[in-house]
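Structure assessment
Chain by chain, the residues run as shown.
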Amino acid sequence: MRNKLRTIVCILFACVCIVTNAASPSVERLMELPPFERAVLIIKHYETLHRPRHWPTIGYGHVVQPGEPYRKGVQLTERQADALLRKDLLKFCALYRSYGADSLLLACLSYNCGTARIIGGKGYKKSRLLRRIESGDRNIMADYLSFCHYKGKHHYGIYRRRWVEYQLLYNAR
């Protein structure tokens, strides 16, 4: 059942990429890509390339931190944005390395929500998702999908993103 569901998700994701003219591999090859590349495609699809008017968010959702060399009003090229996305995602993967196969799933979530919402800090407690993973409970789908709120309200677009991430990256090897 899970394989059928993943196949359906792959087809839907590829169709969305094709319809939006996103550079994407064919449906047959999506699951053949390494999990990290799948994660990069998912983030690129949902974040899109931010424009200078979105400052301090640049590239594919990177929030500029104090001391970083980026300037307001300057558009990153697609290549620069891709490199920055990969660098950020690798940083998050390293943070969650001890979670094994779930590190990429947690990295994608942190890329979008921030680490404080997952591991705690800045007024947040450690998430139920992380507590379940740490206890060895593999039934995490509902907890993962619960990270779909924007300004306190359920957001279907974010829910859909979480669902695609979960289907394409859960237990990714």
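Model, not experiment: these values are computed from the prediction.

**What about empty space enclosed by the protein?**
- For the coordinates displayed, the defined rule picks out 1 cavity of 30 Å³ or more.
- Considered as a void within the structure, the largest cavity measures approximately 50 Å³ in volume.
- Surrounding the largest cavity, 13 residues form its lining, R51, P52, W55, I58 and V74 being those nearest its centre.
- Split into classes, the residues belonging to the lining of the largest cavity amount to 5 nonpolar, 5 polar and 3 charged.

**A closer look at helix α4 (residues 78-95)**
- With 18 residues, α4 extends 26 Å between its outermost C-alpha atoms, agreeing within 8% with the 26 Å of an ideal straight helix rising 1.5 Å per residue.
- Buried within α4 are the following residues: A81, D82, L84, L85, D88, L89, F92 and C93.
- Buried residues along α4 sit in contact with α3 (35-47), β1 (57-58), β2 (62-63) and α5 (103-113).

**A look at the packing of α4 against α5**
- The geometry of α4 relative to α5 is characterised by a closest axis approach of 8 Å and an angle of 120° between their N-to-C directions. When the axis of α4 is compared with that of α5, the two are oblique. Judged by the twist between their axes, the crossing of α4 over α5 is right-handed. Along its contact with α4, which presents L85, D88, L89, F92 and C93, the element α5 presents S103, L104, A107, C108, S110 and Y111.
- Taken together, the residues of the contact of α4 with α5 break down into 8 nonpolar, 2 polar and 1 charged.

**A short note on the nonpolar core**
- Core analysis: the largest hydrophobic core is formed by 38 residues, its most contacted members being L89, L106 and L129.
- Sort the elements by how many residues they give to this core and α5 lands first, with 7 residues.

**A short note on the layout of surface pockets**
- Put simply, the largest pocket is a space of about 780 Å³.
- Lining of the largest pocket is provided by 31 residues; of these, G61, V63, Y111, N112 and C113 occupy positions nearest its centre.
- Every element with two or more residues in the lining of the largest pocket is listed here: α3, β2, α4, α5, β3 (149-150) and α9 (156-169).
- At 5 residues, α4 tops the list of elements feeding residues into the lining of the largest pocket.
- Residues belonging to the lining of the largest pocket are distributed by class as follows: 10 nonpolar, 13 polar and 8 charged.

What counts, and where the lines are drawn
Residues numbered from 1 in each chain as written. Predicted model: local features only at pLDDT ≥ 70, side-chain atom pairs only at ≥ 80, totals over all residues. Heavy atoms only, no water. 1 Å grid on protein atoms, 1.4 Å probe; cavity = no way out; pocket = protein on both sides within 12 Å on 5 of 7 lines; lining within 4 Å. Points joined across faces, edges and corners; volume = space filled by probe spheres on them. Nonpolar A, V, L, I, M, F, W, Y, C, P; charged D, E, K, R; others polar. Helix = DSSP H or I, 4+ residues; strand = E, 2+ residues; numbered from the N terminus. Expected span 1.5 Å × (residues − 1). Buried < 20%, exposed > 50% of the residue type's maximum accessible area, 1.4 Å probe, protein only. Contact = heavy atoms within 4.5 Å. Axes fitted to C-alpha atoms, helices over the stretch in contact; angles between N-to-C directions. Parallel < 35°, antiparallel > 145°, perpendicular 65-115°, else oblique. Left-handed = near helix turned anticlockwise from the far one by under 90°. Core = buried A, V, L, I, M, F, W, Y, C linked by side-chain atoms within 4.5 Å.

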